[in-house]
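# Structural overview for review
Residues per chain, in single letters:
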Amino acid sequence: EMTTASIVDNFPALRQSIGDKSLVYLDSAATTQKPQSVIDAVTRYYEHDNANIHRGVHTLSQRATQSYENARKNIASLLGANRPEEVIFVRGATEAINMIAQAWARPRLVEGDEILITEMEHHSNIVPWQIVCEQTGAILKVAPVLDDGSLDIEAYKSLLSEDTVLVSIAHVSNAIGTINPVQELCAFAKEAGATTVVDGAQACGHLQVNFQEIDCDFYAVSGHKMFGPTGIGCLLGKYEVLQEMEPWQGGGDMILSVSFEETTWNDVPFKFEAGTPNIAGAIGLGAAVQFIEGIGYETMVSHEQELLAYGRGVLENIEGVTLVGASEHNAGVLSFTVEGVHPHDVGTILDHAGVAIRTGNHCAEPLMRRFGLSATCRASLSVYNTTEDLDRLGLAVQEAIRILG
Ligand code: PMP
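Residues numbered from 1 in each chain as written. Predicted model: local features only at pLDDT ≥ 70, side-chain atom pairs only at ≥ 80, totals over all residues. Heavy atoms only, no water.

### Considering the overall build of the protein
Put simply, the rule is: Labels follow the DSSP assignment, with helices taken as runs of H or I lasting at least four residues and strands as runs of E lasting at least two, numbered in each case from the N terminus. A radius of gyration in this sense is built from C-alpha atoms; the matching globule rule multiplies 2.2 Å by the number of residues raised to 0.38. A 1.4 Å probe rolled over the protein chains alone gives each residue an accessible area, and that area as a share of the maximum for its type sets the label: buried under 20%, exposed over 50%, partly exposed in between. Between two residues, a contact is recorded if the distance between any of their heavy atoms is within 4.5 Å.
Per the secondary structure count, the protein includes 14 helices and 17 strands. The C-alpha radius of gyration computed for the protein amounts to 22 Å, which stays within 12% of the reference 22 Å derived for 405 residues, consistent with globular compactness. Projecting the C-alpha coordinates of the protein onto the three principal axes gives extents of approximately 75 × 55 × 35 Å. Considering the protein as a whole, with its 405 residues, one finds that 56% of them fall into the buried category. For the protein, long-range pairs separated by at least 24 residues make up 71% of all intrachain contacts whose partners lie at least 6 apart in sequence.

Okay, here's the thing in structure tokens:
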């Protein structure tokens, strides 16, 4: 049983100093730190089981295959998939969304069809749709965000029509932390006859996700934002929808039989996993799932919500600091600006104080524009953060104002 006080001990990278200051890591929305168990799982695979999967009859290949497929089962169970075959391993949420755009949308969209996204999307849930619109003549529609950073749900509903073929929405905004009511939003979209995509990159490391309950057709997962390695993620897809799809990439493992006259496809999910996948990454992600289960989402949510409220208090008490998009339903993201100081300068001074935050547009340029900004400072939380971390953030921001404000 892990308490939130002992959780930090699992993360070796958090035990270090930046200059003479102990590290305060507040950039988990960019990538989370990795627990020792994940690092060990990757190392163990390379030290003991390294072999290619699915093809070998020898022991190492069988072990590697088993670990890789166990990881798929772990993820399916954590995220509430109907069956492990609904989990396709990809590079990350970006690749998951691009796969949907090219393998699902491109062959189906015709001129005048509409894709509906929101104004708070990450570039990786904008650009793949712009590309497929260019390719097919479909039109990209955008549901606006309200002043508090929440989605304008009435406007969203009014943008749905019989022309809407696909809807793609962030579960949690990376730039400001808004949690969207995706189950409700997907239900409206489905009433309009649209296929639904949820970008879950920022959700799975923070809150309980249930693919069946959300009832979307596709759900994009980022491994490195849920304590797993980089270069691994998943596309969850409804089994029937995946079966109807043509493969995206051709190569080894995705075929049943190849001849120069006719090639036939392997079953779902292998049909979508051409070539040697990131075996070590998948195994590491499986260990990350076990790490999350060891803590439990309930503990994670209550810890992060407490920290979020505390952090908002710390920042609101500093004159010249303005929170951006601090809505009521928010995951652990504190986006803010400092009067008279450019976010990049705030970030540099914070780094000197050992405090790691992100500054910039957070790959969400349209959302920044919506708030009349080009950039914000973003402190993002995870289960290993503490109120002391947020006190250090507050002191460092005050220091930045003293020096530059
Ligand atoms: N969507 C959101 C909301 C994100 O925050 C990110 C990563 N910053 C992505 C998609 C892309 O995820 P990945 O890094 O796994 O490609």
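### Considerations on the environment of N180
Test applied: Polar contact is the term for a pair of N or O atoms within 3.5 Å; when the atoms are in protein, one must be able to donate a hydrogen and the other to accept it, and sequence-neighboring residues count only if both atoms are side-chain atoms.
Relative to the helices and strands, N180 is located in the loop between β7 (164-170) and α7 (182-191). Taking the C-alpha atoms as reference points, N180 and T32, 148 residues apart in sequence, are found 21 Å from one another. In this view, N180 contacts M120, L151, I169, A170, H171 and L185; residues no more than four positions away in its chain are not counted. In this structure the side chain of N180 is engaged in a polar contact, spanning 2.9 Å, whose partner is the backbone oxygen of A170.

### Examining the site of the ligand
Rules: The rule for a residue being near a molecule or strand is that one of its heavy atoms must lie within 4 Å of it. For this classification, the nonpolar set comprises Ala, Val, Leu, Ile, Met, Phe, Trp, Tyr, Cys and Pro, the charged set comprises Asp, Glu, Lys and Arg, and every other residue, Gly included, is treated as polar.
Lining the immediate surroundings of the ligand are G92, A93, T94, H122, S124, N174, D199, A201, Q202, S222, H224 and K225. Between the ligand and T94, the relevant distance is 2.5 Å, taken from an oxygen atom to a side-chain nitrogen or oxygen of the residue. Contacts to the ligand include S222, whose side-chain N or O atom sits 2.7 Å from an oxygen atom. Among the residues forming the shell around the ligand, the class breakdown is two nonpolar, eight polar and two charged.

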